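Tertiary structure, described
Given next are the chains, with one letter for each unit.
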Amino acid sequence: MKKRSISLLLSGLALCQVTTPVWSTDRPAPLKDADFMAVDLQEAKLGQLLFYDPILSGNKNISCATCHHPDFATGDGVSLSIGEGGIGLGPERRPDPSNMPEQRIPRHAQALFNLGALEFTRMFHDGRVEVDPSKPGGLRTPMDADMTAGFVNMLSAQTMFPVLSADEMAGHYSENDVSKMVRSGRITGSGGAWDLISKRVEAIPAYRDRFIEVYPDIAAGREIAFTDISNAIAAFIAHEWRSDTAPFDAFLRGGALPAEAQPGFELFYGEAKCSDCHSGPLLTDHDFHAMGLPQFGPGKAARFESHRRDIGRMRVTGLPEDAYAFRTPSLRNVTKTAPYGHNGAYPGLAQFLQEHTDPKGSVARFDRASPVFPKFKAEDWWALDRPEEAEAIAASAVSYNPALTELQISQIILFLETLEDPTALNGRLGIPESVPSGLKIDR
């Protein structure tokens, strides 16, 4: 999708203002099976084990579920996570005194609902993994020409990043064989980081038996590849957290909204203009917008850079107009996925919605006590301590929404509650009793 200029965006918003209710003509189409990737249940069950198994992390102490846990609506309930060097789960996770983390994870752990929907063509807050038919394997990623073939879809490909991140799952420098390969830049090929992870899994007979059941060509002698692992995890995520049975979905299929949600619905699709960006049945335009969120934490910088800023989509495109722009999140189950923003800046949804109406002033108003994370020696306030950085963030923000009263915000939240889907929030397969590695599961 071609990036829209700020001027075009603003003019488009002006044209899209509505003065009458729009539900009779603009109700999004309901989600159908054809809108989601097909899932093999046995592959999903294999992915379930891998998702909860710390065997994929360098030090065998962190799983995908550590930061994407069903107890916290597939997130972890904190603003910026602690991966390597952390103990515990969710808001109770804290630094390990015997192995202190080097820094926080730069961005908030995103929810995993509906990532098997075919309309998702970009992943991560900055969209650095996206569908691109002109690239190897049909995907554009930071791996570029080194991208390995075999990822069946974009959801599978996104799993390659956490296992390679020193702060998320790989571990630091010389702590383990995987982190050593990551540090030296050996990711693909024999003896690379992915190969080492795959061989760990293959060495466990119970895993190899399951992989043979799901991928018959492995029985003929092919070794388990990292792409097999990631494909199985993608199948699990797509199956486990598909969310299309909320009250909102019943409404899209011709039913009625609860009476208390109707005023918020009319605001959302009318005066408040929320649907300008949160459109369609997944309530996202999949585009990128600068919202002026106050920045804190380690930022996103290359190894040779010393700054701690996070310029969002601009790191991917190199375009100045993309500075501080981040992907519009889907609002499915949003009332359960606090804190809010690409860095979890706001612990409450009402506060986030209020800031949304005046994004240029958010930096000046920000209370540094707002982020939800454990305290340890980390340079959290680099950007906000530098006036020129704070001013650049504020200047980038584009105002999308009119001012809203407390009553209107509460009405919108009542509508957003109709997006809560118990089936997706509870999960379909759940947390396994154990994993083939025998390692401890996060519960």
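As a convention, each chain's residues are numbered from 1 in the sequence order in which they are written. Local features are withheld for residues below a pLDDT of 70 in this predicted model, meaning they are given only at 70 or higher, and side-chain atom pairs are given and counted only at 80 or more; totals for whole chains, interfaces and linings count all residues. Hydrogens and water molecules were not included; the side-chain quantities draw on all heavy atoms of the structure.

Here a strand is any run of E in DSSP of at least two residues, a helix any run of H or I of at least four, and the numbering for each starts at the N terminus. A count of helices and strands for the protein chain gives 18 helices and seven strands. In terms of overall size, the protein chain behaves like a compact globule, its C-alpha atoms giving a radius of gyration of 22 Å where 443 residues would be expected to give roughly 22 Å. In this scheme, a residue with accessible area under 20% of its type's maximum is buried, one over 50% is exposed, and one in between is partly exposed, where area comes from a 1.4 Å probe on protein chains only. Each of the 443 residues in the protein chain was classed as buried or not, and the buried ones make up 57%. Counting only contacts in the protein chain whose residues sit at least 6 apart along the sequence, the fraction spanning at least 24 positions is 69%. Reported accessibility uses the Shrake-Rupley method at a 1.4 Å probe radius. Residues are deemed covered only where the shown protein chains occlude them. Just so you have it, the protein chain exposes about 18700 Å², and 54% of that area is on carbon and sulfur atoms. Charge counting follows a simple rule: Lys and Arg are positive, Asp and Glu are negative, and His as well as the terminal groups are ignored. One atom stands in for each charge, and that atom is NZ of Lys, CZ of Arg, CG of Asp or CD of Glu. Once the 44 positive and 57 negative side-chain charges of the protein chain are each reduced to a mean point, those two points are 3 Å apart. We take the radius of gyration over the C-alpha atoms and set the globule estimate at 2.2 Å times the residue count to the 0.38 power. Working rule for contacts: check all heavy atoms of both residues, and any pair within 4.5 Å makes them a contact.

With that settled, the discussion passes to empty space enclosed by the protein. Here a cavity means grid points, on a 1 Å grid over the protein atoms only, where a 1.4 Å probe fits yet cannot get out; a pocket means an open set of points with protein on both sides within 12 Å along at least five of seven lines; lining residues are those with an atom within 4 Å of a point. Grid points are joined across faces, edges and corners, and a volume is the space filled by probe spheres set on the points. Overall, the coordinates contain three cavities of 30 Å³ or more when judged by the stated rule. Each pocket or cavity is described by its volume, and for the largest cavity that value is around 60 Å³. Surrounding the largest cavity, Thr-66, Cys-67, Asp-76, Val-78, Leu-80, Ser-81, Ile-82, Gly-90, Arg-93 and Pro-374 form its lining. Here the lining of the largest cavity is built from residues that sort into five nonpolar, three polar and two charged. Roughly 50 Å³ of volume is contained in the second largest cavity. Residue composition of the lining of the second largest cavity, by class: two nonpolar, four polar and three charged. Under this grouping Gly is polar, as are all residues other than the nonpolar Ala, Val, Leu, Ile, Met, Phe, Trp, Tyr, Cys and Pro and the charged Asp, Glu, Lys and Arg.

Read across the open sheet, the three strands follow the order β3-β4-β5; overall the sheet is antiparallel. Looking at which strands have only one partner, the edges of the open sheet turn out to be β3 (122-123) and β5 (139-140). A pair of strands counts as paired when DSSP detects no fewer than two bridges linking them.

A few words now on helix α9 (residues 205-214). Residues of α9 that are buried: Tyr-207, Phe-211 and Val-214. One face of α9 carries all of its buried residues, which in axial projection span an arc of 65°. For α9, the exposed residues lying more than 90 degrees away from the buried face are Pro-205 and Glu-213. Our arc is simply the arc of the directions from the helix axis toward the C-beta atoms.

A word on the packing of aromatic side chains. Within 6.5 Å between ring centres, the rings of Phe, Tyr and Trp (the latter by its six-membered ring) count as paired, and their orientation is classed by plane angle as stacked under 30 degrees, edge-to-face over 60, tilted in between. For the coordinates displayed, the defined rule picks out 24 aromatic pairs. Ring centres 5.9 Å apart and planes at 10° place the aromatic pair Phe-296 and Phe-366 in the stacked group. Note that Phe-296 is positioned in the loop between β6 (288-290) and α13 (314-317) and Phe-366 in the loop between α15 (362-365) and α16 (387-396), a separation of 70 residues in sequence. On the basis of relative accessible area, Phe-366 is assigned to the buried category, the value being 12%. Through pairs of rings, three or more aromatic residues link up here, namely Phe-296, Tyr-340, Tyr-346, Phe-352, Phe-366, Phe-373 and Trp-381. In this analysis the charged atom, NZ for Lys or CZ for Arg, is taken to sit over a ring once it is within 6 Å of the ring centre and within 35 degrees of the ring normal. Residue placement shows Arg-128 over the ring face of Phe-161; its charged tip is 5.1 Å from the ring centre. One cation-aromatic arrangement involves Arg-242 over Phe-36; the distance from NZ or CZ to the ring centre is 4.0 Å.

Locating Ser-230 in the fold gives a position in helix α10 (residues 226-240). Contacts of Ser-230, omitting those with residues within four sequence positions, involve Phe-151, Ser-156 and Thr-159.

Angle between the axes and distance between the axes are the two parameters that describe a pair of packed helices. Between helix α3 (residues 41-52) and α10, the least distance of the axes is 7 Å, while the angle of their chain directions is 100°. Comparing their axes, α10 and α3 come out roughly perpendicular. Note on element contacts: α10 touches α3 through Ile-229, Asn-231, Ala-232, Ile-233, Ala-235, Phe-236, Ile-237 and His-239, opposite Leu-41, Glu-43, Ala-44, Leu-46, Gly-47, Gln-48, Leu-50, Phe-51 and Tyr-52. Per-class residue counts for the contact of α3 with α10 are twelve nonpolar, four polar and one charged. Axis definition: a line fit to C-alpha positions, over the contact stretch in the case of helices; interaxial angles, taken between N-to-C directions, run 0 to 180 degrees. In what follows, roughly perpendicular refers to angles from 65 to 115 degrees, roughly parallel to angles under 35, roughly antiparallel to angles over 145, and oblique to any angle outside these ranges.

Bringing the packing of helix α7 (residues 177-184) against helix α8 (residues 193-202) into the picture now. Following both chains from N to C, one finds α7 and α8 inclined at 165°, their axes separated by 8 Å at the closest point. Overall, the two elements α7 and α8 adopt an arrangement that is roughly antiparallel. The crossing of α7 and α8 is left-handed. For the pair α7 and α8, contact is made by Asp-177, Val-178, Met-181 and Val-182 and by Ala-193, Leu-196, Ile-197 and Arg-200, respectively. Split by residue class, the contact of α7 with α8 holds six nonpolar, no polar and two charged. The handedness criterion is simple: a crossing whose near helix is rotated anticlockwise from the far helix by less than a right angle is left-handed, and one whose near helix is rotated clockwise is right-handed.

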